[in-house]
Amino acid sequence: MSLFIVNILDGLVTGLLLFMLCSGLTLIFSMMGVLNFAHASFYMLGAYFAYQISLFAGFWVGLIVAPIIVGVMGALIERYGLRRVHQYGHVPELIFTFGLALLIEEFVQFFWGRQQVPYNPPAALDFTAFAIAGNTFPAYKVFMIFMAIGLFLVLLYILTRTRIGMTIQAALSYPETVQNLGHNVPMVFMGVFGVGTAMAGLAGVIAGPVMGTFPGMAFTLGAIVFVCIVVGGLGSLWGALVASLLIGWIQTFAASYNLRMEDLLVWLGFEKPMLMWESAWQDLWTLTLPQVGPILPYLLMVIVLVVRPQGLFGKRET
Amino acid sequence: MTASAIELRNLNKSFGLAKIIQDVNLEIKRGERHAIIGPNGAGKSTLFNLITGKYTPTTGQVFLHGQDVSGKKPFEINRMGLSRSFQITNIFHKMTVFENVRCGLLWSMGYKYSFWTMVNKQRELTRRTDEILEQINLANRRNMLAGALAYAEQRALEIGITIAGGADIIMLDEPCAGMSRSETELIVDLIRKVTEDKTLVVVEHDMGVIFDLADRISVLVYGQIIETDTPERVRASRAVQEAYLGTTLEEEAS
Amino acid sequence: MSTPSTNPLTAGTSRLIPLNHALPWIIAAVALVLLPVIFDSRSALTIMNQMAITIVFALAYNMLLGQGGMLSFGHAVYMGLGGFFSMHVMNWMSVDPWLPLPVLPIFGGLFGLLFAFLIGWFSTRRAGTTFAMISLGVGQLVASLSIIIVIFFGGEEGISGNRTEMLPFFGLDFGQQIEVYYLTAVWLLIAALGMFLYSRTPMGRLANAVRDNEERAEFLGYSQRNVRWISFCASGFFAGIAGALFAINFEILTEENLNLATSGTILLVTFLGGVGFFIGPIIGAIVFTLLQTVLSLHTDIWALYVGILFVATVMFFPFGLTGLLALHVLPWKLGKIGYLAKPYAKMIVPALALVLSAAAVLEILFHVRHAGRGENEMTIYWTTFDSHSPLPLILGIVVAVVSAYALAKLAPGLKAAWDEATTMREAGQ
């Protein structure tokens, strides 16, 4: 039971982290019609920048400064890259962001190498917050939960209480209404892209010490983020939240409960082959839950798409 | 029993809370030229999209030659002999004029999804495509990219693609929108020529065109048909004048 | 320039293959025969085989992206599955050889087709972003599954085989690399011709129509989903052939043949060549393979250069290398290509200087960050110097800035020459 509670909390951390990326991605997608393939790359940049800053000025300065740098970079890329490609259509836009993701990964390797960099939680948070029957829960993860929820509340406030937020919200359900933003649409686009990427950067800053800061972190998480977006329904913020949490928990639980297919098959009444290595079904018999954990999100996506192509909460089928 | 070409029974369409089409009943006979008029936002395009399968009715039914087609997909409805044009020019911009028209012919000539015949070697297909290009006066634009045509030519091509498949019900959505007087005359002549012996349903703003072309007119106001009759009687109808002309005057005033 | 076949009066005349249509194919066939005579080293053969496989895969990929408007981030799956299956067939045949090696690509193609059929069923319902995301997810799923399903994919080590143990083909056992080259070349011709002819069938034209305007196609009696699905299957078939050729050439397949990196590379190759032209992927595959071979020999950061090239292509030349070449067709036809020679000649020096100096700056920075402690010496462009001293870096930056400035100054001249060369006024006829 205590393991269960720790897993709930761990899954919450992963889920909220995913949501920090999904929300920015959804905002950008709903406003501009671009699914930013490089979104997770900005998350990675956040982590690396914060690491570099932390070497000189400590974790807390990095926490503030790194997302700002990432956001400014994002805005500039929107202004001078994406806007240029926009005229060619959506597919080239998507290809552009894909190329950007490749390029950012190469640049990260260029500056920081292929190995993981030692980006660690700050000393002030490097202790055990509580322990439940021997299962410890680090204070840094508590901090992550509070950061993510805080960001979520700020986002909620902006979306529901400010004029620009309400327009953005309208744009989520009715893309045409983006026109109502008036003459400064390009400015708003740049702003949304900047804020969205800054959120991804912030996620990177706080996730880097826990998830590891290495060149593959963008594609590892990025693919899962897209799964969340598709499962939740393209353009749906609530869908993204539900899908993020769902996938966060699925991954956490799958990794920590060592259920074996063998037990299930025996329980179902199948006979275990005498010579396992000669059986055509050996891969099935030796399967364990932690082994299939990483592919469960993709499996979920395929199932959702077959049963409900527009995603769990999606209205638009675009 | 000779069923009507198109029959709408208690047709309703809502988007969220907004009822765009309310209890529409309409019968269009075979070979009739029928016009649908109404002020902006009356639901003409929605009605079009309901008949052609782009939208699914909220309630009610659409019959084509007596067969219920409500909820069928556009391509299924097209295969039953209904073809439509679009208000906003809807052609294949990156293909040549010739290829645009040829695409309209492929299904009706039985090519389906074939990938074992060379399309350029089909003499009959090429001949019929060129015939239609002659009809719509675009033979001299044959190998141009459709996207590079002048606006009026694109409108003509739009009609060419629509009639290419030989559908016996042709639905045209504002075929004269954005055209000059002389261009309009040409296109009306064209429409008359290519829809001979066919059922024609047309939405149009230009009253001259309507009264010239149509056998019967339906007046759609706020999603309801308030009158269906011959052009003369519609012109004379008080209800129509109040509802329809009244709003247009208001619109012009605003 | 009007050719008999584009003339409306003679289109559809019954000459089976007009010479002007067959000519490029005859030239290609002759070139494929002669290439190994000219480049006969082992490594040249390896590169040419690699090129041929990439061409088939890129052409298959472009059936989706260029002709069907579907952007896939997971097309390696169909090539990979075709390859894995071919490898198994190869291994069965070594136990009981009743088929020769040259027929193996058919098995790869059919297996690719089978999976394209299954996955296309749900992934082709929508085009655009949704299709792209599903392709990514499916790609990740299959790549991860390949680690788990050891019996088919061989786990981390992958599976390998021996191509020489199949039934001898007219006395050939394909132990020699030159034999493999000709086998690959023949299949390259077959596959390329097949894909070219496919694009000329009603289905090929409909794929274009659905790409341009899916709604219009629906109102002409065609289900957009079916058109995409069939295109997807055809593409999966040819990708599977490429996979089988890979299996024949390298005799090993691993997870790498299925993963996102491979899928991304083929997108890059195709886009670099130009998606709007049949020949685009061919040019892309040739240029990319050469670039990769040359760059990876000389620098550790070749992938960075390729990344920069890719992003620059998307931003500035979205029609790719072939598009760039195609731009010159009009001046050529007008007989005014000479107008461009002078401005091009003027720009070539600063352009080269910019590329080389920018590369030098990157190389120096990379050396500073990653060379071992005390290893300050580096060599580029046959010059050895201390990478930690500021002078080379400053020199590189100065040259880059100056040449960029010179290019900016020369640009209006090129533009003027370009306008001149593409206007009809003084044309010959």
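Predicted model, so just to flag it, every value in this text is computed and none were measured.

**Describing the overall build of chain A**
Counting its regular elements, chain A contains 13 helices and two strands. A globule of 318 residues ought to have a C-alpha radius of gyration of about 20 Å, and chain A, at 21 Å, matches this closely. Projected onto its principal axes, the C-alpha coordinates of chain A cover approximately 75 × 45 × 40 Å. The long-range fraction of contacts in chain A, counting pairs at least 24 apart against all pairs at least 6 apart in sequence, stands at 76%.

**Comments concerning the overall build of chain B**
In terms of helices and strands, chain B carries nine helices and 10 strands. For a compact globule of 254 residues, the expected C-alpha radius of gyration is about 18 Å, and chain B comes in at 19 Å, within 12% of that figure. Oriented by its inertia axes, the alpha-carbon framework of chain B measures out at about 60 × 40 × 35 Å. Long-range contacts, defined as pairs at least 24 residues apart, comprise 66% of the intrachain contacts of chain B with a sequence gap of at least 6.

**Describing the interface of chain A and chain C**
With 44 residues of chain A at the interface, the matching set in chain C holds 39 residues. Mapped by element, the contributors of at least two residues to the side of chain A that touches chain C are α3 (59-86), α4 (90-112), α8 (217-232), α11 (282-285), α12 (289-292) and α13 (296-307) of chain A. Looking at side-chain class alone, the side of chain A that touches chain C contains 33 nonpolar, seven polar and four charged residues.

**Focus on the sheet that holds strand β9 (residues 216-221) of chain B**
Residue and element names in this part refer to chain B. Read across the sheet, six strands follow the order β6-β7-β8-β3-β9-β10 without closing on themselves; strand pairing throughout is mixed. Only two strands of the sheet have a single partner each, and these edge strands are β6 (82-84) and β10 (224-229). Averaged over neighbouring strand pairs, the angle between their axes works out to 15° when direction is ignored. Taken together, the four bridges between strand β3 (residues 33-37) and β9 define a ladder with parallel strand orientation. Bridged to Ile36 within β9 is Ser218.

**Digging into the interface of chain C and chain B**
Many descriptions give the size of an interface as the accessible area lost when the pieces come together. With 30 residues of chain C at the contact, the number on the chain B side is 36 residues. If you list the elements that add at least two residues to the side of chain C that touches chain B, you get α7 (177-199), α8 (202-212), α9 (214-218) and α10 (224-250) of chain C. With eight residues, α8 of chain C is the single largest residue contributor to the side of chain C that touches chain B. The class makeup of the residues in the side of chain C that touches chain B is 14 nonpolar, 10 polar and six charged.

**Quick word on the pairing of strand β1 (residues 128-132) of chain A**
Residues and elements named next belong to chain A. Of all the five residues making up β1, zero are buried; the element is thus mostly uncovered. In this structure, β1 lies alongside strand β2 (residues 135-138), joined through four bridges in antiparallel fashion. Paired with Ala131 across the bridge in β2 is Thr136. Linking β1 back to β2 in an antiparallel pair, the connection comprises two residues, with Ala133 at a positive phi of about 45°.

**A few points about the nonpolar core**
With 260 residues, the main nonpolar core has Val225 and Cys228 of chain A together with Val56, Phe238 and Ala242 of chain C as its most contacted residues. Among the elements that take part in this core, α10 of chain C stands out by supplying 16 residues, more than any other. The contacts of Cys228 of chain A, once residues within four sequence positions are left out, are Leu18, Cys22, Ala240, Ala243, Ser244 and Ile247 of chain A.

**Comments concerning the sheet that holds strand β1 (residues 6-15) of chain B**
Residue and element names in this part refer to chain B. Taken together, the four strands give an open sheet; going across it, the order is β2-β1-β4-β5, and neighbouring strands pair in antiparallel fashion. One side of each edge strand has no neighbouring strand; the edge strands of this open sheet are β2 (18-28) and β5 (67-68). Two strands pair when backbone bridges link them, and β1 and β2 are joined in this way by seven bridges, in the antiparallel orientation. If you follow Leu11 over to β2, its bridge partner there is Val24.

**Comments concerning the arrangement of the chains**
The structure contains two pairs of chains in contact, of which chains A and C account for the largest number of contacts. Taking C-alpha atoms as the reference, chain A and chain B come no closer than 12 Å and do not contact one another.

**Some points on the environment of Ser387 of chain C**
Tracing the backbone through its elements, the reader meets Ser387 of chain C in the loop between β4 (383-386) and α17 (390-422). The spatial distance from the C-alpha of Ser387 of chain C to the C-alpha of Phe107 of chain C is 54 Å, given a sequence separation of 280 residues.

**Examining the confidence of the model for chain B**
All names here are of chain B. The predicted model of chain B averages 87 in pLDDT, with 95% of residues at 70 or higher. Within chain B, the lowest mean pLDDT, 60, falls on helix α9 (residues 238-253), and the highest, 94, falls on helix α3 (residues 97-106). Long-range and interchain partners of residues 249-254, a stretch whose pLDDT sits below 50, account for two contacts in this model, where long-range means more than four residues apart. For this predicted complex, the interface score ipTM comes out at 0.89, while the overall pTM is 0.91.

About the criteria used
- Residues numbered from 1 in each chain as written.
- Chains lettered and ligands numbered in written order.
- Predicted model: local features only at pLDDT ≥ 70, side-chain atom pairs only at ≥ 80, totals over all residues.
- Helix = DSSP H or I, 4+ residues; strand = E, 2+ residues; numbered from the N terminus.
- Rg over C-alpha atoms; globule rule 2.2 N^0.38 Å.
- Contact = placed C-beta atoms within 7 Å.
- Nonpolar A, V, L, I, M, F, W, Y, C, P; charged D, E, K, R; others polar.
- Pairing = 2+ DSSP bridges.
- Axes fitted to C-alpha atoms, helices over the stretch in contact; angles between N-to-C directions.
- Buried ≥ 20, exposed ≤ 12 C-beta atoms within 10 Å, placed from the backbone.
- Core = buried A, V, L, I, M, F, W, Y, C linked by C-beta atoms within 7 Å.
- pLDDT = per-residue confidence, 0-100.

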